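Chain by chain, the residues run as shown.
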Amino acid sequence: MNKIFSYNLKKFRLAKGLTQEQAAERLNVNAQTVSRWECGNTLPDALTLPVIASLYEVTVDDLYRKSNTAYDNFAQRLASVYEKSRDPEDFMRCRAEYEKLIKNGELSTEDKWLYAWIHMYMMNYCRDIALEWYDKAVSDDPNDDPENYQLATMQRMWMYFLLKREDEIISELEEKIKAAPDNPRNADNLIIALIWQEKYDEAYSLFRESVEKFPEDWRMYIHGGDICKALKKYDEALGFYDKAGEIGTFFCDEFDGRANLYKDMGEFGKAYDEYMKMAEIYRQRGFDVEAEMIEKSALELEDKL
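Residues numbered from 1 in each chain as written. Predicted model: local features only at pLDDT ≥ 70, side-chain atom pairs only at ≥ 80, totals over all residues. Heavy atoms only, no water.

Caption draft 1: Here's a closer look at helix α11 (residues 200-213). For α11, with 14 residues, the first-to-last C-alpha span of 20 Å sits near the 20 Å given by 1.5 Å per residue. What α11 keeps buried is the set Ala-203, Tyr-204, Leu-206, Phe-207, Ser-210 and Val-211. Those residues of α11 that are buried are in contact with α10 (184-196), α12 (218-230) and α13 (234-247). (Helix = DSSP H or I, 4+ residues; strand = E, 2+ residues; numbered from the N terminus. Expected span 1.5 Å × (residues − 1). Buried < 20%, exposed > 50% of the residue type's maximum accessible area, 1.4 Å probe, protein only. Contact = heavy atoms within 4.5 Å.)

Caption draft 2: Local environment of helix α9 (residues 166-179). For α9, with 14 residues, the first-to-last C-alpha span of 20 Å sits near the 20 Å given by 1.5 Å per residue. Listed in full, the buried residues belonging to α9 are Ile-169, Ile-170 and Leu-173. Axial view of α9: buried residues confined to an arc of 105 degrees, hence all on one face. The exposed set on the far side of α9, more than 90 degrees from its buried face, consists of Asp-167, Lys-178 and Ala-179. Buried residues along α9 sit in contact with α8 (146-162) and α10. (Arc of directions from axis to C-beta.)

Caption draft 3: Spotlight on the side chain of Asn-189. Inspection of the secondary structure puts Asn-189 in helix α10. In this structure, Asn-189 is in contact with Gln-150, Thr-153, Met-154, Met-157 and Leu-173, ignoring residues within four places of it in sequence.

Caption draft 4: Quick look at the nonpolar core. Residues Ile-191, Phe-207, Met-220 and Ile-227 are the most contacted members of the largest nonpolar core, which totals 33 residues. Breaking this core down by element, the ones donating at least two residues are α8, α9, α10, α11, α12 and α13. Ranked by the residues each element gives to this core, the list is headed by α10, at seven residues. Each residue touching Ile-191, except ones within four places of it in the same chain, is listed here: Ala-203, Leu-206, Phe-207, Ser-210, Met-220, His-223 and Ile-227. The next biggest cluster of nonpolar side chains, apart from the first, holds 17 residues, and it includes Ala-31, Leu-49, Ala-53 and Tyr-56. (Core = buried A, V, L, I, M, F, W, Y, C linked by side-chain atoms within 4.5 Å.)

Caption draft 5: Inspection of the packing of α10 against α12 at higher detail. Running from N to C, α10 and α12 point in directions that differ by 15 degrees, and their axes come no closer than 10 Å. Comparing their axes, α12 and α10 come out roughly parallel. Crossing of α10 over α12 shows left-handed handedness. Contacts from Pro-184, Arg-185, Ala-187, Asp-188, Ile-191, Ile-192 and Ile-195 in α10 reach Arg-219, Met-220, His-223, Asp-226 and Ile-227 in α12. Looking at the contact of α10 with α12 residue by residue, the classes come out as seven nonpolar, one polar and four charged. (Axes fitted to C-alpha atoms, helices over the stretch in contact; angles between N-to-C directions. Parallel < 35°, antiparallel > 145°, perpendicular 65-115°, else oblique. Left-handed = near helix turned anticlockwise from the far one by under 90°. Nonpolar A, V, L, I, M, F, W, Y, C, P; charged D, E, K, R; others polar.)

Caption draft 6: Structural context of the environment of Ser-85. Along the polypeptide, Ser-85 turns up in helix α5 (residues 74-85). With relative accessibility at 35%, the residue Ser-85 sits in the partly exposed group. Engagement of the side chain of Ser-85 in a polar contact is seen with the side chain of Asp-90, the distance being 2.5 Å. (Polar contact = N/O pair within 3.5 Å; in protein donor to acceptor, adjacent residues only side chain to side chain.)

Caption draft 7: Structural detail: unusual backbone geometry. One non-glycine residue with positive phi stands out, namely Arg-86, at about 55 degrees. Topologically, Arg-86 is positioned in the loop between α5 and α6 (88-104). The backbone of Glu-198 sits at a positive phi, close to 65 degrees, despite the residue not being glycine. Assignment of secondary structure puts Glu-198 in the loop between α10 and α11.

Caption draft 8: Representation of a nonpolar patch on the surface. On the surface, a cluster of nonpolar side chains totalling about 310 Å² of accessible area is made up of Tyr-125, Ile-129 and Trp-133. Within the fold, Tyr-125 resides in helix α7 (residues 109-138). With a relative accessible area of 35%, Tyr-125 lands in the partly exposed category. (Patch = residues over 30% accessible without salt bridge, like charges linked within 9 Å, V, L, I, M, F, W, Y side chains within 5 Å. Areas by Shrake-Rupley, 256 points an atom, 1.4 Å probe, with all protein chains shown as cover. Salt bridge = Lys/Arg side-chain N within 4 Å of Asp/Glu carboxyl O.)

Caption draft 9: Seen up close, the environment of Ala-291. Position of Ala-291 among the secondary structure elements: in helix α16 (residues 288-299). According to the relative accessible area criterion, Ala-291 is buried, its value standing at 0%. Measuring from C-alpha to C-alpha, the distance between Ala-291 and Tyr-275 comes to 9.3 Å, with 16 residues separating the pair along the chain. In this structure Ala-291 touches Ala-279, Tyr-282 and Arg-283, once residues within four positions along its chain are discounted.

Caption draft 10: Structural view of the environment of Ala-244. Here Ala-244 lies in helix α13. Separated by 11 residues in the primary sequence, Ala-244 and Phe-255 place their C-alpha atoms 9.9 Å from one another.

If you want it as structure tokens, here you go:
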């Protein structure tokens, strides 16, 4: 094993075009030490192994292998490690190495498609984890934390839309309404899905039916406002946003709705005011980061005032 290790040290050093003196300088040792390692007389300590591997753009395991496939750079080697392990930590290591190449403008065509490839596999991994945990969230008792349960439901719906699987979620929502017609959240979620599909007339019909059944549900009026805004029924939309505010919304949704409505109408001063009022409420509640984001939306309108 020592012979293989020593042989690899010399092979990798020569592949990088380094003399023993140059390698020693980068490893913060003297040239005699590098020579003794390559002759098999001594071995580097365990803490030095990752440093050597990094210098030669290989993995620590590569230092002990009988044979090593040639890679153009360390990022490609780490891509092969990630291909085998599919471990997110290996993805991050590989990505970091590619970021160095990108910064230095050193990517070959192979590097470019490999950089895309590792992200594609990580995307699939993240997709599966997201779906798994959204399913876990919506399997909880909705009465334990109604607001977060509804947020989880909406985010899960949006995930299905991103995956072009909206027909699945629509069918699921329709079945839920049949099973529990007196649950406003089921109608609420189907209205949201129809809005996302831009089926505004169908969404408006369901909204009108649902708001008669659940007249004190503020979410219904927010959706009514969004639908009417899309249909350019601006006065009606404004009335629905105001009604939601009278009932009391959870995240100042009526302010956001009115701001977007005023932007569509070209009344940017009113939109600016709505954003600033919303930001102030968020700041009073301690949501400073969110307040800054809302203020940014307001400041983006200053050129149009």
